[in-house]
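Notes for the structure review
Next come the chains, spelled out residue by residue.
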Amino acid sequence: SQYSAVDTNPLSVYIMQPIWNEIIKLVPLWIAPNLLTFSGFVMILVNYFLISFYDWDYTASGTSPGLVPTWVWLFSAFTTFCAYALDSIDGKHARRTQSSTPLGELFDHGLDSWATSIFVLSFFSVCSRDNGKTGVSVYTMYMYLSIVLFNFMCSHWEKYNTGVLFLPWGYDLSQVVLIAAYLLTGAVGVEVWQKPFLFGYYITDALVILLIGFSLFLSFPQTLYNIHRAHLKKTLKNDSLYEGLLPLVSPLLLFILLTVWVVLSPGNILAKQPRLFLWMVGVAFSNVICKVIVCQMSSTRPELFHWFLFPLALVVYAAISGMLGWTEEAVLAVFTVLVTAAHVHYGVCVGRQLSEHLNIYIFSLKKRVQE
């Protein structure tokens, strides 16, 4: 299927696109577009692990504001900008080098589905978790992450039904806000997040309200409207309501299972290991969405239940019934490692299969020699 995306965001169209059009001229023509995509993702990962090193449990900014060195925040701003730029020019570069492929599209959206959660998890270190005086509770963090992932899921569910990816307005805005937040933190220190800035509200409150408002009142209605319009024009990809809603089943079940674990955990797992738990949420979500993206690109039906749901259901049941007892954190750690390994393995396998099928290399523009 031919890739089609629509971007109507004024910030993107009038400000960012002209910048990307200049930046792309600096990229040598022999570089493979996937290499740009991957480099951006690696930068996000490096930044995430760097912040994790200084602030494993999300308390550094709240308890001892000098714990994370200033250069780390500035490095975060730099890597976020680079990843944003690389993610914005990879498609342009593919068209410029006439190397647009389904593999590139899948690679781009697949890594985006994972990067989305990593951006959010890195940002939580700026505002720190609730310590009674300032900060955000771990439950707010979980809700915040869920809403962002819900938004991501919506745009791909919409593409599954309409064949067109309407780029959400929130994307460019969120990247610019992130970069500004890191620069602000680097310039004046994390204290800026811990003082009320308007009518006793903190900046973080404003951001949470903005995010929820944006999702529920802009992104989600827009998605439903676009699907409705395609229905009226008779351009929907799926005839039945069942098929149209099918890709939503696994992500919703995933969210329900995770929320049950968060709410009913006897050891209060989210408060004890927020970083591990939220990372696991992001990875599991990414894998579920990647399957939807593959189905959408290959015009196949997604399975009703993603296989991750079965081991997750077992772990959640064992945890909330008290069977795990004091080993709950250890089980979460093992499960997180396994889910992450399974996701990476899946990505590598799909990449290799597609590169063989399409007779191209993933990270090089050279053509493969037919055996």
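Up top you'll find the structure we're talking about.
The structure displayed is predicted, hence computed values, not measured ones.

As a packed pair, helix α2 (residues 33-54) and helix α4 (residues 70-96) sit with axes 8 Å apart at the nearest point and diverge in direction by 160°. Comparing the axis directions of α2 and α4 gives the class roughly antiparallel. Where α2 crosses over α4, the handedness of that crossing is left-handed. Along the lines of polarity and charge, the residues of the contact of α2 with α4 split into 18 nonpolar, 7 polar and 1 charged.

This brings us to the environment of Val-344. Following the sequence through the fold, Val-344 ends up in helix α13 (residues 328-357). Judged by relative accessible area, which is 41%, Val-344 ranks as partly exposed. Along the backbone, Val-344 and Val-283 are 61 residues apart, and their C-alpha atoms lie at a distance of 9.4 Å.

For the rest of this paragraph, the subject is the pattern of salt bridges. A complete count under the given rule lists 3 salt bridges for this structure. One salt bridge connects Lys-25 with Glu-22, and the closest N-O pair in it is separated by 3.1 Å. Looking at Glu-22, the relative accessible area reads 49%, which means it is partly exposed. Its salt-bridge partner being Arg-301, residue Glu-243 comes within 3.2 Å of it at the nearest N-O pair. Remark: Arg-301 occurs in the loop between α11 (274-298) and α12 (309-320) and Glu-243 occurs in helix α9 (residues 241-264); sequence separation between them is 58 residues.

Here we take up the side chain of Ser-52. By secondary structure assignment, the location of Ser-52 is in helix α2. By relative accessible area, Ser-52 is classed as buried at 6%. Of the polar contacts made by the side chain of Ser-52, one reaches the side chain of Arg-275; its length is 3.0 Å.

Our next topic: the environment of Leu-245. Residue position: Leu-245 is located in helix α9. Between the C-alpha atoms of Leu-245 and Phe-310, which are 65 residues apart in sequence, the distance is 21 Å.

A positive phi angle, near 50°, is found at Gln-98, a position not held by glycine. Considering the arrangement of structural elements, one finds Gln-98 in the loop between α4 and α5 (102-127). The phi dihedral of Lys-234 is positive, around 60°, even though this residue is not glycine. If you trace the backbone, Lys-234 turns up in the loop between α8 (203-232) and α9. A relative accessible area of 73% means that Lys-234 is categorised as exposed.

It is worth spelling out the side chain of Thr-79 at this point. You can see Thr-79 is positioned in helix α4. Look past the residues within four positions of Thr-79 in its chain and what remains in contact with it is Met-43 and Asn-47.

Right, let's get into the packing of aromatic side chains. To describe a pair of aromatic rings, you give the distance between the ring centres and the angle between the ring planes. Using the criterion set out here, one finds 23 aromatic pairs in the structure. Between Tyr-142 and Phe-277, the ring centres sit 6.4 Å apart and the planes meet at 65°, which makes this aromatic pair edge-to-face. Placement of Tyr-142 in helix α6 (residues 138-162) and of Phe-277 in helix α11 is noted, with a sequence separation of 135 residues between them. Here Trp-307 and Phe-308 contribute two aromatic rings whose centre-to-centre distance is 4.5 Å and whose plane-to-plane angle is 80°, an arrangement assigned as edge-to-face. Note on Trp-307: relative accessible area 43%, which makes it partly exposed.

About the cut-offs
Residues numbered from 1 in each chain as written. Predicted model: local features only at pLDDT ≥ 70, side-chain atom pairs only at ≥ 80, totals over all residues. Heavy atoms only, no water. Axes fitted to C-alpha atoms, helices over the stretch in contact; angles between N-to-C directions. Helix = DSSP H or I, 4+ residues; strand = E, 2+ residues; numbered from the N terminus. Parallel < 35°, antiparallel > 145°, perpendicular 65-115°, else oblique. Left-handed = near helix turned anticlockwise from the far one by under 90°. Nonpolar A, V, L, I, M, F, W, Y, C, P; charged D, E, K, R; others polar. Buried < 20%, exposed > 50% of the residue type's maximum accessible area, 1.4 Å probe, protein only. Salt bridge = Lys/Arg side-chain N within 4 Å of Asp/Glu carboxyl O. Polar contact = N/O pair within 3.5 Å; in protein donor to acceptor, adjacent residues only side chain to side chain. Contact = heavy atoms within 4.5 Å. Phe/Tyr/Trp six-rings, centres within 6.5 Å; stacked < 30°, edge-to-face > 60°.

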